[in-house]
Amino acid sequence: MSNRTPLMAGNWKMNLDHLEANHLVQGLALELKDHGHDYSKCEVLVIPPFTDIRTVQTIVEADELGIKYGAQDVSVHDNGAYTGEVSTAMLTRLGCSYVVMGHSERREYHNESDELVGAKARKVLDAGMTPILCCGEALEVRKAGTHVDFVLGQIRAALKGWSAEDVAKIVIAYEPIWAIGTGETATADDAQEVCGAIRAALLEDYGQATAEATRVLYGGSAKPGNIKELMAQADIDGALIGGASLKADSFAEMCRFYA
Ligand SMILES: O=C(CO)COP(=O)(O)O
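Conventions we followed
Residues numbered from 1 in each chain as written. Predicted model: local features only at pLDDT ≥ 70, side-chain atom pairs only at ≥ 80, totals over all residues. Heavy atoms only, no water. UniProt positions renumbered as here; feature names shortened; annotations may be inferred. Near = heavy atom within 4 Å. Polar contact = N/O pair within 3.5 Å; in protein donor to acceptor, adjacent residues only side chain to side chain. Areas by Shrake-Rupley, 256 points an atom, 1.4 Å probe, with all protein chains shown as cover. Helix = DSSP H or I, 4+ residues; strand = E, 2+ residues; numbered from the N terminus. Expected span 1.5 Å × (residues − 1). Buried < 20%, exposed > 50% of the residue type's maximum accessible area, 1.4 Å probe, protein only. Pairing = 2+ DSSP bridges. Axes fitted to C-alpha atoms, helices over the stretch in contact; angles between N-to-C directions. Contact = heavy atoms within 4.5 Å. Salt bridge = Lys/Arg side-chain N within 4 Å of Asp/Glu carboxyl O.

Looking at an unreviewed UniProt entry, one finds the protein named Triosephosphate isomerase, with Actinomyces weissii as its source organism. The record held by UniProt for the protein lists under Subunit (unreviewed entry) the comment "Homodimer." In UniProt, the protein has this text filed under Catalytic activity (unreviewed entry): "D-glyceraldehyde 3-phosphate = dihydroxyacetone phosphate".

Engineer: I tried to follow the site of the ligand on my own but got confused; where do I start?
Structural biologist: Residues in close proximity to the ligand total 13 residues, the closest being Lys13, His103, Gly181, Ser221 and Gly243. At a separation of 2.8 Å, an oxygen atom of the ligand approaches a polar side-chain atom of Lys13. Contact between the ligand and Ser221: an oxygen atom at 2.7 Å from a main-chain N or O atom of the residue. Burial of the ligand by the protein chains amounts to 95% of its free accessible area of 310 Å².

Engineer: What exactly am I supposed to notice about helix H9 (residues 188–206) here?
Structural biologist: When the terminal C-alpha atoms of H9 are compared, their 26 Å separation across 19 residues agrees well with the 27 Å that a helix rising 1.5 Å per residue should span. Within H9 the residues assigned to the buried category are Ala188, Ala191, Gln192, Val194, Cys195, Gly196, Ala197, Ile198, Arg199, Ala201 and Leu202. Phi for Gly207, located one or two positions after H9, is positive at around 95°.

Engineer: In this structure, what is going on with the sheet that holds strand E3 (residues 68–71)? I would like to understand it.
Structural biologist: Pairing within the closed barrel is parallel, and its eight strands lie in the order E1-E2-E3-E4-E5-E6-E7-E8. Neighbouring strand axes in the sheet, compared pairwise and without regard to direction, differ in orientation by 25° on average. Along the sheet, helix H12 (residues 248–255) makes contact with strand E1 (7–11), strand E2 (43–47) and strand E8 (238–241), crossing E1 at roughly 155°.

Engineer: Could you clarify how one ought to interpret the UniProt feature "active site" (unreviewed entry) in the protein in this entry?
Structural biologist: Mapped onto this numbering, the UniProt entry gives "active site" (unreviewed entry) at His103 and Glu175. A maximum C-alpha distance of 8.3 Å is found for the annotated residues, which run over 73 residues; spatially they form one tight group. When you line up the elements, His103 lands in the loop between strand E4 (98–101) and helix H4 (104–109). The class of His103 is buried, set by a relative accessible area of 5%. What His103 contacts, discounting residues up to four positions off in sequence, is Asn11, Lys13, Cys134, Glu175 and Ile180.

Engineer: Please clarify how the UniProt feature "binding site: substrate" (unreviewed entry) in the protein should be interpreted in this entry.
Structural biologist: Those residues carrying the UniProt feature "binding site: substrate" (unreviewed entry) are Asn11, Trp12, Lys13, Gly181, Ser221, Gly242 and Gly243 in this numbering. The largest pairwise C-alpha distance within this set of annotated residues, which runs over 233 residues, is 13.9 Å, so the set is compact in three dimensions. Structurally, Trp12 is set in the loop between E1 and helix H1 (18–34). Residues within four places of Trp12 in sequence aside, it is in contact with Ala21, Leu24, Val25, Val46, Ile47, Pro48, Pro49, Asp52, Val56, Gln72, Ser245 and Leu246. Mapped onto the elements, Gly242 comes out in the loop between E8 and H12. Setting aside residues no more than four positions away along its own chain, Gly242 makes contact with Asn11 and Lys13.

Engineer: What should I look at first to understand the pattern of salt bridges in this one?
Structural biologist: A pair can form between side chains of opposite charge whenever their charged atoms are brought close. Tallied over the full model, the rule gives 20 salt bridges. Across the salt bridge formed by Glu112 and Arg106, the nearest N and O atoms sit 2.9 Å from each other. Arg107 is the partner of Asp114 in a salt bridge, and the nearest nitrogen-oxygen pair spans 2.6 Å. On the basis of relative accessible area, Arg107 is assigned to the buried category, the value being 14%. Taken together, the shared-partner salt bridges connect Arg4, Arg199, Asp235 and Asp237 into one network.

Structure (structure tokens):
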């Protein structure tokens, strides 16, 4: 058993308006409270669209909930003529503690490169928040059997030049694209194979302290029915959850995987 605190992160993607966000966070808080959730056994994070963050902040702060919240993306710029972008300062001002970057949906639809993803992670860490760096292969890569090399290549390109101390502070989320929103979960063995390879690469590149500290999540059709098996794997420290995080009961059940 490692001393890494497990993290359940709900990526809402482009779902839920502020009224629905309010409903979900309150429902989630109640579910967790009713079941006596121990936040030291699993950190709970919601990642709403930008427009819901203020709403989530209000509820979380008013009730001093243990739930944390973050953003799905961020700009690499500080301010200026970047229409549509949101800066790290804007997110810290709203109390965000995590920011996702490099999600496959942004890599695919917005042509985000490993270099840009790495620059976003740097920006987020420098602003005092925790980057959740996403990686993962498409089905063709998996079929060709080169998925481990592909994923390690993404991570190494994004983190080029980083110190061991900084890498130890980030979260890496392995999300095989073919398992996202498809109902097709990677088996626990498939997920462990890649998460284990990520940790072995961290050991090789940055040494033992970093390899032991950096949290590695799995994402892709994670749900109440498979979370226990995923969390039983040595190198899986939590999950990045899409669909199943949009319902208070299913997400709360996953946060309580340890019970
Ligand atoms: O992309 C994901 C989380 O970032 C996974 O989404 P699903 O859990 O809906 O497959």
